[in-house]
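Okay, here's what each chain looks like letter by letter:
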Amino acid sequence: MKTMYVRDLGCPASDDHQVSGETFEEIAKACQAHAMSKMAGGDQDYLAMAEEMKSKSPEEQQKAFASYRAAFEAAPKDAA
């Protein structure tokens, strides 16, 4: 199990919310759900983040996603 801050996965730097999961896919899904909730609530930082991601080319989006996966891989496992 790993626990990460959503800011380390592309969310706004001001967000201290944490997500946990065994795999990168679990972490990414929890991060996405958090981001969707923040956007639905009108959070301007999250809305701007979404617009920025939409403006990127598919290659740039893939590069960003690869950096999030690398952050997951580098993150330590939770203490037992």
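In this text, all values refer to a predicted model and were calculated from it rather than measured experimentally.

Caption draft 1: The pattern of salt bridges, seen in detail. Considering all chains together, one arrives at 4 salt bridges under this definition. Close ionic contact of Asp16 with Arg7 constitutes a salt bridge, the shortest N to O distance being 2.3 Å. Lys54 serves as the salt-bridge partner of Glu51, at 3.6 Å between the closest nitrogen and oxygen. Placement of the pair is Glu51 and Lys54 together in helix α2 (residues 44–55), with a separation of 3 residues, close to one helical turn. The exposure class assigned to Glu51 is partly exposed, which follows from its relative accessible area of 48%.

Caption draft 2: Molecular detail of helix α3 (residues 58–74). In a regular helix each residue adds 1.5 Å, so 17 residues correspond to 24 Å; α3 covers 24 Å between its end C-alpha atoms and thus fits that length. Taken residue by residue, α3 has Ala64, Tyr68 and Phe72 as its buried positions. Buried residues of α3, viewed axially, fall in a sector of 90°; they line one side. Turned more than 90 degrees from where α3 packs its buried face, Glu59, Gln62, Lys63, Glu73 and Ala74 sit exposed. Residues of α3 that are buried in the fold lie against β1 (2–5), α1 (24–40) and α2.

So, how was this worked out
Residues numbered from 1 in each chain as written. Predicted model: local features only at pLDDT ≥ 70, side-chain atom pairs only at ≥ 80, totals over all residues. Heavy atoms only, no water. Salt bridge = Lys/Arg side-chain N within 4 Å of Asp/Glu carboxyl O. Helix = DSSP H or I, 4+ residues; strand = E, 2+ residues; numbered from the N terminus. Buried < 20%, exposed > 50% of the residue type's maximum accessible area, 1.4 Å probe, protein only. Expected span 1.5 Å × (residues − 1). Arc of directions from axis to C-beta. Contact = heavy atoms within 4.5 Å.

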